[in-house]
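Structure assessment
So the chains spell out like this:
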Amino acid sequence: MLLRQSVNSSLFSVAGLIGAPVQDPQERDIGRVVDVVVRWDRGVYPQVSGLIIRIGFRRSFVHVEDVADIARRSVQLGSTKVDLSDFERREGEQLLHKDVIDHQLLDVDGARVVRAADLYLAHVGSRYWVVGVDVSFVSFLRRLLPAGMRSRATAERVLDFASIQPFGSPGAPVLLRRPHRGLQRLRPADLADLLEDLGRPERRELLSMLPPESAADVLEEMEPDHVRLLLGDVPLGQAAALVAMMEPDEAVDALRDLSAADRTDLLAQVPDARAAELRTLLEFPEGVAGGIMTTRIVVLSTHETIRDALDKVRAQRRESDVDGLVVIDEDGRLVDDLSLADLIDNEPDTSVGDVIGPPYPGTVRPDAELDEVVEQLIGNRGSSLVVVDGEHRPIGRILADDVVDALLDSDTERRWPWQLRGPVS
Amino acid sequence: MNEHQQILDPTASPAGDGVENAPVQARRSLRRIQIATLLGVLGPGLIAGLSDDDPAGITTYSVLGTKYGYQLLWVLTISTAALVLFQSLGARIGVVTGQGLAGLIRQKFGAWSAVVAILALLLANIGTTAAEFAGIAAGFELFGISRHFSVPVTAVLVSMLVLRGGFKGIERILLVLSAIFICYVAAGVLAHPDWGAAFKGLIVPTMPVTRDAVVIATATLGTTLAPWGLAFIQSYAVDKRLTTKSLPYLRIDVITGALLTGVIGFFVVVSCAATLHAKGLSINDAADAAAALEPLAGTLAKDLFAIGLIGAALLAASILPLSTAYSVSDLTGSPAALDDDLRSAPLFYGTFALVTVVGVALVLIPGAPLVAILVLTQVLNAVLLLPLLWFMYGIARDRELMGAYVAGRRIASAYLVAIAIIAICILSLGYLSLRP
């Protein structure tokens, strides 16, 4: 209680400061605080660079060095000379009242989108820093109170500003600030939730903060419908880069619902090999084996060795997950499906031909329905299933998690709200 | 090796069947997809528009037609134009900013504006929900079913549908339900109206300068352009994460919905004008209108009118609690949606329950001043429109928020004209009410 009181009394509420009188060194009121200007330098806490005050009909900027003291309800200037030119925002500056309070922010540690009800400043050394953001609804309602009560900090649910990723004010260059380091620690599924909760410009900004390969991972976690909409909303080059980096089966899910023209434009920007792969997958309708398989498979011939196989797995691992290796004969037809465990069980010099043998795996054709996929997958007792064409040549692999996704998709609409999963904590 | 082949693939067939079919399949799925895109967004605008023809709306239109015949039909023309204008704007704001109305008002206009607007919206929506359940009660009573049965049952049914099926599930039901509005068209035709006089009334603005006439004109504007409809269409666009690519489809949907709203309103007015007005009768609500229609236009017309009333009420009663819950939780900064569970979104489900329960209670509690509440609600809705439309106008003109989709000067002046008309109505209503 005491701690909270002392913390509260050493914090300045930005919302409370707005409208506070500004006094010159002779303690005469000369104007009122309109906004607090901060600069995002390298540090985690933004530093107050000055105040915007209204003097008569002008909005003037007062540099923080000319401010002698910021009290809870008033500001004391240390110098009588005030620059009367109108305020103009400089690069890297943000206005706390206009651009941050009541806007969406990212709470990186909590992995959620919040709206700032208030911001708190602390006086440390000779400078003022933004140290906390209040996100409680109570603090929001406090701002409706008369000025005297409004300025009292009520640190209810205050987040350390170090855990906040703010967004650029519209029109201000976004990439001036480094993305929060914590963003990289978030799981793709959490980032996907964040993207869904944000407003449109903020969503685009967050997406551009992420390295393309993590952004692609995040998109894989989103509903195909939302991915489709998102792809249509970002610049074509960025969309193509994302599509190229996504797992092919997930990318296809999103591409499928794009209009023909948009899809053609998008695929034209995707590297040729990848585009061809995606076009092949697109030919299969949704909900059948071809629609949920990935075309990235590791292929072995019978005369290769386990060592060769391991090398191939390592190479493929850089791009996508490997669940098994298909073994083909001279005509390219499927002979067997080896699991990673099979590779571990045998000496590196063993020939693949010596490892294969019954029981041979069940397979499906690309036009197989979901039921058949499930049946074969269960029959194999493995975690994936090989898809073969009419000539019995392997063309893809269906992973168990994609089957789970497909099954869930066909089931989600019929669930009661209390059965729905809450946020994973 | 060939033995393996047989074992592995008992269904092996001659080469290439899947591949040869592919181009045809691709073409077919393309066409399907474009229709699917349209169907994917078709609905919300239609529902938001048509649910403005709720019992409050039908009552207002009935009174307009019964008291003034075809004379005030032009008010409906203006209301419909304003509805087209602002529903499209709501959809556009939702799509472009990706934020709900409450959150945007908070962001742009500050804490006070947001709290007052949403509090007023909450009160107005509770009152409107009561009006919907009153409509359900009246509609079923015309068929001899007690309100103590019909109201609780429909309330539970509607809540379950919304909460269980999600909006996607109920949307289809709502669209089917909205076909019930054909009833009004049929009832209108059965009443054999004077079409010439009706069309003249639509275009030529004349009006008796009495308080009652101004009241009914204001109420028509307020009920057609309901605040909650505007909030709903925006949050729908946000919730679906629609982007500017879907905007053309969404606009078709919204405009169709708004125009249909006007058309149905027209037939309600016309059927009352041709019968009740011609005989010099007077009515208090839509159920009166339905009952009064019977001797004049036949039992079929009465039944159609009553069924339309019930359908309209169900439609609006499904959306109101949902839309209110969304707006309130949007204000706190953490917009919730139907896929959140009870524990993580207590405010969302709490508001939903509050709106539904109070709405039902007002209809069922004996001696509750229902009529007074309904009248107050109408006034509140109309008054609430002014700040709400002003906020929407401000957002539409904000280049930082709307970017390339900022409202140009021409469309902005159309918004201003509409706002001015509503302001004039409300001011003259206030003046005429206070004048001794």
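With that settled, the discussion passes to the overall build of chain B. Counting secondary structure elements, chain B contains 18 helices and 0 strands. Per-residue burial for chain B yields a buried fraction of 53% across its 436 residues. In chain B, the share of contacts with a sequence separation of at least 24, taken over all contacts with a separation of at least 6, comes to 85%.

Helix and strand counts for chain A stand at 19 helices and 20 strands. Across chain A, contacts joining residues at least 24 apart in sequence account for 60% of those joining residues at least 6 apart.

Let us look at the domain arrangement of chain A. Residue and element names in this part refer to chain A. Split into domains, chain A comes out as domain 1 (2–165), domain 2 (181–283) and domain 3 (292–407). Inter-centroid distance (C-alpha atoms) of domain 2 to domain 3 is 27 Å. Contacts between the two partners involve 6 residues from domain 2 and, on the opposite side, 7 residues from domain 3. Those elements that place two or more of their residues in the side of domain 2 that touches domain 3 are α11 (248–256) and α13 (272–282). When residues in the side of domain 2 that touches domain 3 are grouped by element, the largest group, 3 residues, is from α13.

Residues and elements named next belong to chain A. Per-chain confidence: chain A averages 78 in pLDDT, with 87% of residues scoring 70 or above. The model gives residues 170–176 a pLDDT under 50, and that stretch makes 10 contacts with residues more than four places away or in other chains. This stretch, residues 412–425, has a pLDDT under 50; its non-local contacts, to residues over four places away or in other chains, come to 18 contacts.

Attention now goes to unusual backbone geometry. Trans peptide bonds make up most of the peptide bonds, and negative phi angles are found at most residues other than glycine. Residues and elements named next belong to chain A. Backbone geometry places Glu27, a non-glycine residue, at a positive phi of 60 degrees. On the secondary structure map, Glu27 appears in the loop between β2 (21–23) and β3 (29–39). What makes Glu27 exposed here is the crowd of 8 C-beta atoms within 10 Å. The phi dihedral of His392 is positive, around 65 degrees, even though this residue is not glycine. Tracing the chain through its elements places His392 in the loop between β19 (384–388) and β20 (394–399).

A separate point is the environment of Phe137 of chain A. Residues and elements named next belong to chain A. Its place among the elements puts Phe137 in helix α4 (residues 137–142). A residue is classified by how many C-beta atoms lie within 10 Å of it, and Phe137, with 16 of them, is partly exposed. Measuring from C-alpha to C-alpha, the distance between Phe137 and Arg90 comes to 32 Å, with 47 residues separating the pair along the chain.

In this section: helix α12 (residues 247–279) of chain B. All names here are of chain B. Over its 33 residues, α12 extends 47 Å from the first C-alpha to the last, a length consistent with the 48 Å expected when each residue adds 1.5 Å. Along α12, the largest kink reaches about 40 degrees and is centred on Ala273. Residue Gly280 follows α12 closely and has a positive phi angle near 75 degrees.

All right, on to helix α8 (residues 182–190) of chain B then. Residues and elements named next belong to chain B. For α8, the set of buried residues is Cys183, Tyr184, Ala187, Gly188 and Leu190. The buried residues of α8 occupy one face: seen down the axis, they fall within an arc of 165 degrees. Taken from the residues just after α8, His192 is the one with a positive phi, measuring 50 degrees.

This brings us to the sheet that holds β20 of chain A. All names here are of chain A. Read across the open sheet, the 3 strands follow the order β18-β19-β20; overall the sheet is mixed. Each end of this open sheet is capped by a strand with a single partner; those strands are β18 (363–364) and β20. The pairing of β19 with β20 spans 5 bridges and is classified as antiparallel. The partner of Val386 across the bridge, within β20, is Arg397.

Residues and elements named next belong to chain B. Summary statistics for chain B give a mean pLDDT of 80 and a share of 85% for residues scoring 70 or more. Here helix α1 (residues 2–8) stands out as the least confident element of chain B, with mean pLDDT 39; helix α5 (residues 73–97) is the most confident, with 91. A low-confidence stretch, residues 1–39 stays under pLDDT 50, and its non-local contacts, those more than four residues away or across chains, total 36 contacts. Here the predicted complex scores 0.73 on pTM and 0.71 on ipTM.

A few words on the pairing of strand β10 (residues 112–115) of chain A. Residues and elements named next belong to chain A. The pairing of strand β9 (residues 104–107) with β10 spans 4 bridges and is classified as antiparallel. Bridging across to β10, Leu105 finds its partner in Val114. The hairpin formed by β9 and β10 contains 4 residues between the paired strands, and Ala111 there has a positive phi angle of roughly 50 degrees.

In terms of nonpolar packing, the biggest core is built from 244 residues, with Val243 of chain A together with Phe133, Val269, Phe305 and Leu309 of chain B touching the most fellow members. Counting residues per element, this core draws most heavily on helix α14 (residues 299–331) of chain B, which supplies 20 residues. Setting aside chain neighbours within four positions, we find Leu309 of chain B in contact with Pro55, Ile58, Gly135, Ala138, Gly139, Ala286 and Ala290 of chain B.

The next subject is the packing of helix α10 (residues 211–224) of chain B against helix α16 (residues 370–396) of chain B. Residue and element names in this part refer to chain B. Interaxial distance between α10 and α16 falls to 9 Å at its minimum, and their mutual angle equals 75 degrees. One element, α10, and the other, α16, form an angle in the roughly perpendicular class. Each of Thr218, Ala219, Leu221, Gly222 and Thr223 in α10 lies in contact with α16, whose residues at this interface are Gln378, Asn381, Ala382 and Leu385. Looking at the contact of α10 with α16 residue by residue, the class counts come to 4 nonpolar, 5 polar and no charged.

It is worth spelling out the packing of helix α6 (residues 101–142) of chain B against helix α15 (residues 346–364) of chain B at this point. All names here are of chain B. At a closest axis distance of 8 Å, the pairing of α6 and α15 adopts a crossing angle of 50 degrees. As the angle between them shows, α6 and α15 are arranged oblique. For the element pair α6 and α15, the recorded crossing hand is right-handed. Listed contacts from α15 to Asn125, Ile126, Thr129, Ala130, Phe133, Ala134 and Ala137 of α6 are Val355, Thr356, Val358, Gly359, Val360, Leu362 and Val363.

What follows is about the sheet that holds strand β16 (residues 324–328) of chain A. Residue and element names in this part refer to chain A. Within the open sheet, the 3 strands sit side by side as β15-β16-β17. Their pairing is mixed. The open sheet terminates on both sides in strands that have one partner only, identified here as β15 (298–301) and β17 (334–339). Strand-to-strand twist of the sheet, defined as the mean angle between neighbouring strand axes without regard to direction, takes the value 30 degrees. Where β15 meets β16, 4 bridges bridge the pair, whose relative direction is parallel. For Leu300, the partnering residue across the bridge sits in β16 and is Val327. Against the sheet, helix α15 (residues 306–317) engages β15 and β16, with an angle of about 165 degrees to β15.

Attention now moves to the environment of Phe167 of chain A. As for its position among the elements, Phe167 of chain A is in the loop between β14 (164–165) and α6 (188–197). Non-local contacts of Phe167 of chain A, meaning those with residues more than four positions away in its chain, are made with Gln104, Glu202 and Glu205 of chain A.

Okay, the environment of Leu206 of chain A next. All names here are of chain A. Examined against the element boundaries, Leu206 turns out to sit in helix α7 (residues 200–209). Sequence separation between Leu206 and Asp249 is 43 residues; the distance between their C-alpha atoms is 24 Å. Residues contacting Leu206, with those up to four places away along its chain left out, are Leu106, Leu194, Leu195 and Leu198.

In this structure, β9 of chain A lies alongside β14 of chain A, joined through 2 bridges in antiparallel fashion. The partner of Leu106 of chain A across the bridge, within β14 of chain A, is Gln165 of chain A.

Criteria and thresholds
Residues numbered from 1 in each chain as written. Chains lettered and ligands numbered in written order. Predicted model: local features only at pLDDT ≥ 70, side-chain atom pairs only at ≥ 80, totals over all residues. Helix = DSSP H or I, 4+ residues; strand = E, 2+ residues; numbered from the N terminus. Buried ≥ 20, exposed ≤ 12 C-beta atoms within 10 Å, placed from the backbone. Contact = placed C-beta atoms within 7 Å. Domains from an automatic or database assignment. pLDDT = per-residue confidence, 0-100. Expected span 1.5 Å × (residues − 1). Bend = angle between axes of the 7 residues up to and from the residue. Arc of directions from axis to C-beta. Pairing = 2+ DSSP bridges. Core = buried A, V, L, I, M, F, W, Y, C linked by C-beta atoms within 7 Å. Axes fitted to C-alpha atoms, helices over the stretch in contact; angles between N-to-C directions. Parallel < 35°, antiparallel > 145°, perpendicular 65-115°, else oblique. Nonpolar A, V, L, I, M, F, W, Y, C, P; charged D, E, K, R; others polar. Left-handed = near helix turned anticlockwise from the far one by under 90°.

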